[in-house]
Amino acid sequence: LNNSLLHSLRDLGTGLRRIRVLWLARCGLTDLEGVTGFPNLHELYVAFNEIQDLSPLGMMENLHILDLESNNVDDPSEVEYLVPCSMLHSLTLEGNPVSGRLGYRQAICRILPRLRTLDDLP
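Per chain, residues are indexed from 1 in the order of the written sequence. For this predicted model, a pLDDT threshold of at least 70 governs which residues receive local features, and a threshold of 80 or more governs which side-chain atom pairs are given and counted, while totals over whole chains, interfaces and linings are taken from all residues. With hydrogens and water set aside, each side-chain value is computed from the structure's full complement of heavy atoms.

How would you explain helix H1 (residues 104–111) if you had to name every residue and give the values?
Taken residue by residue, H1 has Tyr104, Ala107 and Ile108 as its buried positions. In a view along the axis of H1, the buried residues occupy a sector of 95 degrees, so they form one face of it. Where H1 is buried, its residues meet strand S4 (90–92) and strand S5 (117–118). The rule is simple: take the accessible area with a 1.4 Å probe, protein chains only, and divide by the maximum for that residue type; under 20% is buried, over 50% is exposed, in between is partly exposed. By the criteria applied, helices consist of DSSP H or I runs no shorter than four residues and strands consist of E runs no shorter than two, each listed in order from the N terminus. The directions considered for the arc run from the helix axis to the C-beta atoms. Whether two residues are in contact is decided by their heavy atoms: any pair within 4.5 Å suffices.

Shown next, in the form of structure tokens:
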């Protein structure tokens, strides 16, 4: 669904509950409300949108890979919403305002010590 125009993940409806991989890059998304409608999601690619709030992801227990490249995440504390995502091992925040902060990598790895890759780097 890359390059689709979506105002919300809720616009996708409820018929995709079993989906495991979702590509929504460059879709004009401003938030992730409705992501819990995809409880089996393992990989979420939402690069190049306008997402700032990560709180809707807090209930995504099956999420393994999250790509938020070039969004609007500017506060490292937003990453704390990902702590309950116990399967998460790969996170991309490159291109977000937060990635330009001093000590960015160390701060994120302190919050999510189980990550294997951050911004495609070990």
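After that view of the structure, there is still more to cover.
I'd like a description of the nonpolar core, backed by residues and values.
Among the nonpolar cores identified, the biggest contains 33 residues, and Leu24, Leu44, Leu57, Leu66, Leu82, Leu91 and Leu93 are the most heavily contacted of them. If we ignore the near neighbours within four places in the chain, the residues touching leucine 91 are Leu66, Leu68, Leu82, Ile108, Leu112, Leu115, Thr117, Leu118 and Asp119. Definition of nonpolar core: a set of buried residues of the types Ala, Val, Leu, Ile, Met, Phe, Trp, Tyr and Cys, connected through side-chain atoms within 4.5 Å.

Mind laying out unusual backbone geometry, listing which residues take part and the relevant values?
Of note, phenylalanine 48 is a non-glycine position whose phi angle comes to about 60 degrees, a positive value. Note on placement: phenylalanine 48 falls in the loop between strand S2 (43–45) and strand S3 (65–67). For phenylalanine 48, a relative accessible area of 33% puts it in the partly exposed group. For serine 70, which is not a glycine, the phi torsion comes out positive at approximately 55 degrees. If you trace the backbone, serine 70 turns up in the loop between S3 and S4. Judged by relative accessible area, serine 70 falls into the partly exposed class, the value being 21%.

Explain the sheet that holds S5 to me, and be specific about the residues and the numbers.
Between any two strands, at least two bridges found by DSSP are needed for them to pair. Pairing is parallel across the open sheet formed by five strands, whose spatial order is S1-S2-S3-S4-S5. The open sheet has two free edges, formed respectively by strand S1 (21–23) and S5, since each of these has just one partner strand. As defined by bridge partners, S3 adjoins S4 across three bridges and the pair is classed as parallel. Residue leucine 66 lies in a different strand from S4, and its bridge partner there is leucine 91.

Go over the packing of aromatic side chains with me, naming the residues and quoting the values.
Aromatic pairs are defined between Phe, Tyr and Trp rings, using the six-membered ring for Trp, whenever the two ring centres lie within 6.5 Å; interplanar angles under 30 degrees are classed as stacked, those over 60 as edge-to-face, and all others as tilted. Going through the model one piece at a time under the given rule, you end up with one aromatic pair. Seen from their ring centres, tryptophan 23 and tyrosine 45 are 3.8 Å apart, and the 10 degrees between their planes marks the pair as stacked. One end of the pair, tryptophan 23, is in strand S1; the other, tyrosine 45, is in strand S2, and 22 residues separate them in sequence. Using a relative accessible area of 42% as the deciding quantity, one classes tryptophan 23 as partly exposed. Accessibility expressed as a relative area gives 12% for tyrosine 45, which makes it buried. For arginine 26, the ring lying beneath its charged end belongs to phenylalanine 48, and the centroid distance is 4.0 Å. Two conditions define a charge sitting above a ring: the NZ of Lys or the CZ of Arg must be within 6 Å of the ring centre, and it must be within 35 degrees of the ring normal.

Remember that the coordinates give geometry; whether it matters functionally is a separate question.
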